Amino acid sequence: MTVLVYEDFGTGRHREASLIRHALGSAHDEELVAGLAGGIGFMYFVFEYAGRTPIATIVAQSHPEPWVQVALGRLGVPYDATRAMKPRWGRVRAALDEGQPAFCVVDRSSLPWHEPDPEAEMTGADPYTVVIAGYDGDDLLIEDGAETPHRIDREEFGAAWTAHRKGRHQLIVPTGPPEGEPDVDGAIAATVTHLTGPVLGNQFDVNFGFTGMERFAAQLRDTTTKTGWERRFGASPEALASGTGRLHACLEEEWTAPGATRPLYADFLDLVGRPEAAELFRESAGHWSALADLARACDPHSDADGRRALFDACAEHVDACLELEGRAVEALRK
């Protein structure tokens, strides 16, 4: 017998917002779900490991709070969140039989429909959320961005569920309809905090929000120290291709919606009556996408002058985003 708790699949503009929307019966706009989850943010790190090309990483969406729990909480949707030493298949089956989807955090590279990620072990394999939307015998039906659910044997899925150590066997099940009105003010206040800081409350806060953008721009312009992009990514065509490829992916494709998530967040702000800030974030999105396009068009065999022109142009776009988003935050604070 096949049990499927909903039938609306596929990713709109943002994968996690789409997962949440579908799991709740598509009762809410994707823009609302994304905005309530925190919408945008900024995190910039360059991971370095001996013998490997540095890995530039930007997370342009709200981070590090988990999207599912935050969105459900601000929507007023009650949910049951548990962790266990081993997969709770009985709880999963019971939830699905009651028409309740099950959110799980997994190791993405362990899912057979994803290409192996050679950088996963180095970047810490960030938590990756999927939804168990049904089952058919011992097979599970998984929503993960495709137009139809992926079919996977329960034991194989269990291995992916176990492989992500920080989210091992985490299970989140919505348990009822929304209670009260969505917490729009709380969501906007959280976004402002994520941009202005502190975010973590430790020394890594310099990599988040506006200070993270300043750090990114400074390192793009730095021609002399080991943390500058010239030293890190200008040493070889392979290093330059890696750095610029990561910029495009992080701003348009991975852990984001296109345009560094800013267009989606601007639509949320329009939806809740904050048009001034919406327009500023929409303008900032143009600069993030322009930066991503410059990175994608980069010739990895560029000479020193070409690299310098590229890095300076990228830094100028970051400066423009800083100025626009600073004004947007002031508008949100009014």
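Only a predicted model underlies this, so the values are computations on that prediction, with no experimental measurement involved. (Residues numbered from 1 in each chain as written. Predicted model: local features only at pLDDT ≥ 70, side-chain atom pairs only at ≥ 80, totals over all residues. Heavy atoms only, no water.)

> An account of the confidence of the model for the protein chain is needed here, citing residue identities and associated values.
Mean pLDDT over the protein chain stands at 94; residues scoring 70 or higher make up 97%. Contacts for the low-pLDDT stretch residues 120-124, under 50 throughout, to residues beyond four places or in other chains number 11 contacts. (pLDDT = per-residue confidence, 0-100. Contact = heavy atoms within 4.5 Å.)

> I'd love a proper account of helix 8 (residues 209-221), names of residues and values included.
If you check helix 8, its first and last C-alpha atoms are 19 Å apart, about what 13 residues at 1.5 Å a residue would give, namely 18 Å. Buried within helix 8 we find Gly-209, Phe-210, Gly-212, Met-213, Phe-216, Ala-217, Gln-219 and Leu-220. (Helix = DSSP H or I, 4+ residues; strand = E, 2+ residues; numbered from the N terminus. Expected span 1.5 Å × (residues − 1). Buried < 20%, exposed > 50% of the residue type's maximum accessible area, 1.4 Å probe, protein only.)

> Which residues make up the pattern of salt bridges, and what are the values?
Applying the stated criterion across every chain yields a total of 22 salt bridges. The residue Arg-221 makes a salt bridge to Asp-319 at a minimum N-O spacing of 2.6 Å. One end of the pair, Arg-221, is in helix 8; the other, Asp-319, is in helix 13 (residues 304-333), and 98 residues separate them in sequence. Looking at Asp-319, the relative accessible area reads 31%, which means it is partly exposed. Taking the shortest distance from any N to any O, the salt bridge between Glu-330 and Arg-333 comes out at 3.0 Å. Here Arg-333 and Glu-330 lie together in helix 13, a separation of 3 residues that amounts to about one turn. When salt bridges that share partners are traced, they join Arg-13, Glu-31, Asp-267, Asp-270, Glu-279 and Arg-282 into one network. (Salt bridge = Lys/Arg side-chain N within 4 Å of Asp/Glu carboxyl O.)

> Describe unusual backbone geometry, naming the residues involved and giving the relevant values.
The omega torsion across His-63 and Pro-64 is 10 degrees, close enough to zero to call that bond cis. With respect to the element layout, Pro-64 can be found in the loop between strand 3 (55-61) and helix 3 (67-75). The omega torsion across Gly-197 and Pro-198 is -5 degrees, close enough to zero to call that bond cis. Summarising the element assignment, Pro-198 is placed in the loop between helix 7 (184-196) and helix 8. Notably, Trp-255 is not glycine yet its phi reads approximately 55 degrees, a positive angle. The topology assignment puts Trp-255 in the loop between helix 10 (237-252) and helix 11 (262-271). Of note, the phi angle at Thr-261 is positive, near 70 degrees, even though the residue is not glycine. Along the chain, Thr-261 falls in the loop between helix 10 and helix 11.

> Which residues make up the nonpolar core, and what values go with them?
Ranked by internal contacts, the top residues of the largest apolar core, which has 73 residues, are Phe-216, Trp-229, Leu-269, Phe-281 and Trp-288. At 12 residues, helix 13 tops the list of elements feeding residues into this core. When near neighbours in sequence (up to four residues on either side) are disregarded, Trp-229 contacts Tyr-44, Ala-56, Phe-216, Gln-219, Leu-220, Asp-222, Gly-234, Gly-243, Leu-247 and Phe-311. The next biggest cluster of nonpolar side chains, apart from the first, holds 21 residues, and it includes Cys-104, Tyr-128, Ile-132 and Ile-152. (Core = buried A, V, L, I, M, F, W, Y, C linked by side-chain atoms within 4.5 Å.)

> Give a description of the pairing of strand 7 (residues 139-143) that names residues and reports values.
Within strand 7, 4 of the 5 residues are buried, which leaves the element mostly enclosed by the surrounding structure. Sheet topology places strand 6 (residues 128-136) next to strand 7; 5 bridges connect them, and they run antiparallel. Counted as the bridge partner of Ile-132 is Ile-142 from strand 7. Where strand 6 folds back onto strand 7 in an antiparallel hairpin, the turn is made up of 2 residues, including Gly-137, whose phi is positive at roughly 65 degrees. A loop of 6 residues connects strand 7 with strand 8 (residues 150-153), the two strands running antiparallel in sequence, and Gly-145 in this loop sits at a positive phi of about 95 degrees. (Pairing = 2+ DSSP bridges.)

> Which residues make up the packing of helix 7 against helix 11, and what values do they have?
Axis separation between helix 7 and helix 11 bottoms out at 12 Å; the angle between their running directions is 145 degrees. The hand of the helix 7/helix 11 crossing is left-handed. The segment helix 7 lies against helix 11, with Val-184, Ile-188, Thr-191 and Leu-195 engaging Arg-262, Tyr-265, Phe-268 and Leu-269. A class-by-class count of the residues in the contact of helix 7 with helix 11 yields 6 nonpolar, 1 polar and 1 charged. (Axes fitted to C-alpha atoms, helices over the stretch in contact; angles between N-to-C directions. Left-handed = near helix turned anticlockwise from the far one by under 90°. Nonpolar A, V, L, I, M, F, W, Y, C, P; charged D, E, K, R; others polar.)

> Which residues make up the packing of aromatic side chains, and what values do they have?
The final tally for this structure, using the stated rule, is 15 aromatic pairs. Taking 5.4 Å as the distance between ring centres and 25 degrees as the angle between the ring planes, the aromatic pair formed by Phe-42 and Trp-288 counts as stacked. Taken together, the residues span a long stretch of sequence, with Phe-42 in strand 2 (residues 40-47) and Trp-288 in helix 12 (residues 275-297) at a distance of 246 residues. There is no split in this pair, since Phe-42 and Trp-288 are both buried. With 6.1 Å between their ring centres and 55 degrees between their planes, Phe-216 and Trp-229 make a pair best called tilted. With Phe-216 in helix 8 and Trp-229 in helix 9 (residues 229-233), this pair connects stretches of sequence that are 13 residues apart. The exposure class of Phe-216 is buried, given its relative accessible area of 0%. You can call Trp-229 buried: its relative accessible area is 0%. An aromatic cluster is present here, built from Phe-42, Tyr-44, Phe-216, Trp-229, Phe-233, Trp-288 and Phe-311 joined pairwise through their rings. In this structure, Arg-15 packs its charged tip against the face of Tyr-128, placed 3.8 Å from the ring centre. In this arrangement the basic side chain of Arg-93 is found over the ring face of Tyr-135, its NZ or CZ atom lying 3.8 Å from the centre. (Phe/Tyr/Trp six-rings, centres within 6.5 Å; stacked < 30°, edge-to-face > 60°. Lys NZ or Arg CZ within 6 Å of the ring centre and 35° of its normal.)

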